[in-house]
Structures are given as C-alpha cells and as structure tokens.
Amino acid sequence: MTINSDKGSGSFKQSAKWFIERQQLDSERLARFELLLSGHMAEDPSAATQLKAGSKELIRNDGNAKVRVRSYFALVASLILIVTMSLNFHPSGVDMSRKIADEVAMNHINMKPLEIDSQSIEPIREYFTELNFSVVKSTLFSRQNYLLLGGRYCSIQGSSAAQIRYQTSSGNKVTLYEVGYDAELHGVLPHFESGEQALERYVKGVRVLLWVEKGLLMAEARTID
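I will try to describe carefully the structure that is included in this document. Bear in mind that the values here come from a model prediction, so they are computed numbers and not experimental data. (Residues numbered from 1 in each chain as written. Predicted model: local features only at pLDDT ≥ 70, side-chain atom pairs only at ≥ 80, totals over all residues. Heavy atoms only, no water.)

## Structural notes on the environment of S120
Logical step 1: Mapped onto the fold, S120 is located in the loop between β1 (116-117) and α7 (121-127).
Logical step 2: Taking the C-alpha atoms as reference points, S120 and L149, 29 residues apart in sequence, are found 8.4 Å from one another. (Helix = DSSP H or I, 4+ residues; strand = E, 2+ residues; numbered from the N terminus.)

The structure is reproduced here in structure tokens:
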C-alpha cells in the first residue's frame, strides 16, 4: 500500500482507516486504531494499554491474525511518526531569522509616521500600554549612541511589537524592534547576556541584526550605506 504524504496528516488518517477497514476489524477494534491516529494516545496513556490488550485478544481469537496485527502496528507507528513530526516541526532559528529579517526590513523601508515623538525612553515606554511586555533600553543598541526620535506600534510574526526610531549623526534612520521572545515562534537566536553575537541578515538593501536581550527579541534595521 502506498500512502501519499503530500496531502498532509489528514490523508494519513484516512489511508490508515481504509487499510484497517479492509482487514475487516470489528467496530470496537477500529475505534481503538482511530483513537491512536487522532493523537489521543499522547494525551491519554491508557489508550495505548487498551490497544495493546485488544491486539492480544485478537491474536488469541484468531491464530492467523498475528501477522495482520503486526502490519497494523507497523502502519500506525509510521503514521504517528510522520504526523507527529508535521505537528511538532518548528523551523530552525536560521529559517525563522530570515522570515523575521524580511518583515523587519519591510517595516524599515516603509517607515510609517511615528505615533509618539520623544528623545527620552521613559515617555515611549509609557506610551506602549497595549504590549504584554515593557519596552527596555537595549545595552547592545545603546553602544551606538544614536539620537532617539520616537516610536510606534508594529508587529513581528503576528505579535504586537514596539518600533523605536533613531537617527545617526549623518542623518540616516535606524529602527529598533522589541517583542516578547518565544523560542518556538521565533526560533533559536543569540542571547546577548550569554556573550553571543547578534545574527546579521541583509534584505533588500537593509542590514538587520537579531538578538535576544532581557527576555525580548531585538531587531535592528538600517539602510546599508
């Protein structure tokens, strides 16, 4: 039997059900296999015990069923492995860094009007009341001694974020983005407190630096001189 993996986890379940039904399992045993495929075993360990007990019963009642039961478990095990991988797969930090850098670069290029003008971080911190984190002063970014201009709301990978705008001594604009860091959503990124260097990406003529600091994902964007 050939299973087409291109249609996603739903087709695996349907294919497994079709295969099992072809073996003329009764409704109770079929329900056990469907329970397994639905992922319920991960939430209810007793389901595995029930399924194992059911297979032993099948072997006792039908001496010719042993091979069939093994084939069922081989099929189901393969399906669970593939479905689990598809459900739990998270892009690597490198892949996610590219997506984040693309989004940050586009925000920087578009550079919408500021919602608050201030050369002090405190008024800007107080302005962002809709965020689930507090805007902080980045130690790494502060080393560059840029002039603070203000800030506005934006988003990174669907999460509300703060965009803080600066200006260099030559007049170029630099944007700093802050958002709550989630390793599952954003991937593995370098931590400033651990001495790791910021990740560097170049997108559409914009240099983007990514790092984690004080529990926040930081992204710096500036047009390449």
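So, next bit.
## Concerning the nonpolar core
Logical step 1: Grouped together as the largest cluster of nonpolar side chains are 21 residues, with contacts concentrated most on V135, F141, I164, Y166 and W211.
Logical step 2: Sorting the residues of this core by element identifies α7, β3 (159-167), β4 (173-180), β6 (206-213) and β7 (216-223) as the ones contributing at least two each.
Logical step 3: With three residues, β3 is the single largest residue contributor to this core.
Logical step 4: When near neighbours in sequence (up to four residues on either side) are disregarded, V135 contacts I121, R125, F128, A162, I164 and E178.
Logical step 5: Of all hydrophobic cores here, the second largest spans 18 residues; its members include I100, Y177, L189 and A219. (Core = buried A, V, L, I, M, F, W, Y, C linked by side-chain atoms within 4.5 Å. Buried < 20%, exposed > 50% of the residue type's maximum accessible area, 1.4 Å probe, protein only. Contact = heavy atoms within 4.5 Å.)

## So, the sheet that holds strand β5 (residues 199-203)
Either a parallel or an antiparallel arrangement is found when strands of a sheet pair, and the pairing is made through backbone hydrogen bonds.
Logical step 1: Spatially, β1-β2-β3-β4-β7-β6-β5 is the arrangement adopted by the seven strands of the open sheet, whose pairing is antiparallel. Each edge of the sheet is formed by a strand with only one pairing partner; in this case those strands are β1 and β5. (Pairing = 2+ DSSP bridges.)

## What to know about the pairing of β3
Logical step 1: Two strands pair when backbone bridges link them, and strand β2 (residues 147-156) and β3 are joined in this way by nine bridges, in the antiparallel orientation. Residue pairing in the sheet places R152 in a bridge with Q163 of β3.
Logical step 2: Judged from the six bridges that link them, β3 and β4 form a sheet pairing that is antiparallel. When the bridges of β4 are listed, Q167 appears paired with K173.
Logical step 3: Once β3 ends, the chain turns through five residues before running back antiparallel as β4, passing G171 with a positive phi of about 95°.

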